[in-house]
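An overview of the molecular structure
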Amino acid sequence: MATAPDVLFNLRNNFYLGAYQAAINNNDVPNLSEEDAIERDCLVYRSYIALGSYQLVINEVDSSAATPLQAVKLLALYLFSPDSKENTISSIREWLGDAAIGNNPILRLIAGTIFMHEQDYNEALKYTNAGGTMELYALNVHIFLKMNRSDYAEKQLRVMQQIDEDHTLTQLATAWLNLAVGGSKIQEAYLIFQDFSEKYQMTSLILNGKAVCCMHMGNFDEAESFLLEALNKDAKDQETLANLVVCSLHLGKPSARFLSQLKLSDPEHVLVKRGLTAEENFDRAMQTVG
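My aim in this report is to walk through the structure given alongside it, one point at a time. (Residues numbered from 1 in each chain as written. Predicted model: local features only at pLDDT ≥ 70, side-chain atom pairs only at ≥ 80, totals over all residues. Heavy atoms only, no water.)

The volume enclosed by the second largest pocket comes to roughly 720 Å³. What lines the second largest pocket is a set of 29 residues, among which Arg12, Tyr16, Glu39, Glu135 and His167 lie closest to the centre. Put simply, the parts of the chain that give the lining of the second largest pocket at least two residues each are helix H1 (9–16), helix H3 (34–50), helix H7 (105–117), helix H9 (134–146), helix H11 (168–181) and helix H12 (185–199). With seven residues, H3 is the largest single contributor of residues to the lining of the second largest pocket. Each residue belonging to the lining of the second largest pocket can be placed in one class, and the counts come to twelve nonpolar, six polar and eleven charged. (1 Å grid on protein atoms, 1.4 Å probe; cavity = no way out; pocket = protein on both sides within 12 Å on 5 of 7 lines; lining within 4 Å. Points joined across faces, edges and corners; volume = space filled by probe spheres on them. Helix = DSSP H or I, 4+ residues; strand = E, 2+ residues; numbered from the N terminus. Nonpolar A, V, L, I, M, F, W, Y, C, P; charged D, E, K, R; others polar.)

Here the focus is unusual backbone geometry. Generally, phi is negative for residues other than glycine and the peptide bonds are trans, each holding for most cases. If you check the backbone angles, Gln119 has positive phi at about 60° while not being a glycine. With respect to the secondary-structure elements, Gln119 resides in the loop between H7 and helix H8 (121–128). Residue Gln119 is classed as exposed on the basis of its relative accessible area of 60%. Phi at Asn148 is positive, roughly 60°, even though this residue is not glycine. Mapped onto the fold, Asn148 is located in the loop between H9 and helix H10 (150–164). Taking the relative accessible area as the measure of exposure, Asn148 reaches 68% and is therefore exposed. (Buried < 20%, exposed > 50% of the residue type's maximum accessible area, 1.4 Å probe, protein only.)

Turning to the pattern of salt bridges, a few remarks are in order. Using the criterion set out here, one finds eleven salt bridges in the structure. Among the ionic pairs, Glu39 bridges to Arg12, the shortest N-O distance being 2.6 Å. Note that Glu39 is positioned in helix H3 and Arg12 in helix H1, a separation of 27 residues in sequence. On the accessibility criterion, Glu39 (27% relative accessible area) is partly exposed. Among the residues examined, Arg12 registers a relative accessible area of 15% and is labelled buried. Of the charged contacts, one joins Glu123 and Arg93 as a salt bridge, the two residues approaching to 2.5 Å between their closest N and O atoms. Of the two residues, Glu123 is situated in helix H8 and Arg93 in helix H6 (residues 85–96); the sequence distance between them amounts to 30 residues. (Salt bridge = Lys/Arg side-chain N within 4 Å of Asp/Glu carboxyl O.)

Moving on, we get to the packing of aromatic side chains. Considering all chains together, one arrives at five aromatic pairs under this definition. Through pairs of rings, three or more aromatic residues link up here, namely Phe15, Tyr16 and Tyr20. (Phe/Tyr/Trp six-rings, centres within 6.5 Å; stacked < 30°, edge-to-face > 60°.)

Right, dumping it as structure tokens:
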């Protein structure tokens, strides 16, 4: 028996690869089941969040919305209002403790995302470690790499490969792990991002992936061209700006402009706090890449 087509494939793929405006613009998928419609709305609102439109999400998701949408709204509240972070975290803990909704995969995903922002990786894993969806497995890979536990990340990746080796998130997670392992694996990571750039719309996420690979391989001129292309797509993207600071330092070019833009975008960024301005800081900067 043939499996039903995945009606949300393109929308999901746009979101995973950072084509957030495309995800928003192409969300009109006909004849969706109630469950699919909720997933569609979650992807669209998460795309708005990725673009910084927190207030739109807060305004549009009301108290009658389904649990996954309420969880997405919590993420918007968390990112929008630093002053109310404690209240937001308190709310999400309360929901996670509710037997009726606590195991909802989107709620667990959002919890993991919020605690990752808090750099409380063990707390994040409490809610994500059981997995259950490709996004949760991918988030686990990300968390383990942040903890410098590539061995655990590799175990999660194997689970993803067994489910669907060609899935966009499996490929992305493979590239992240390859970058963490380094050496000859960097070229393999580059080829994954190159494959994405040939198949799909070019995004800042893909360009940054290619640029980070180039930096690890010592090809800083090529990395700079990818990053400037990414900056043209989104002048406020923190990853692009941070990578440009690192790249400029290595090329002996002024990095102050990118550092100033990064400070406006994220005053708490590690490069801003370190005040990286000189070539001797390059090695420290490189540790933040990837």
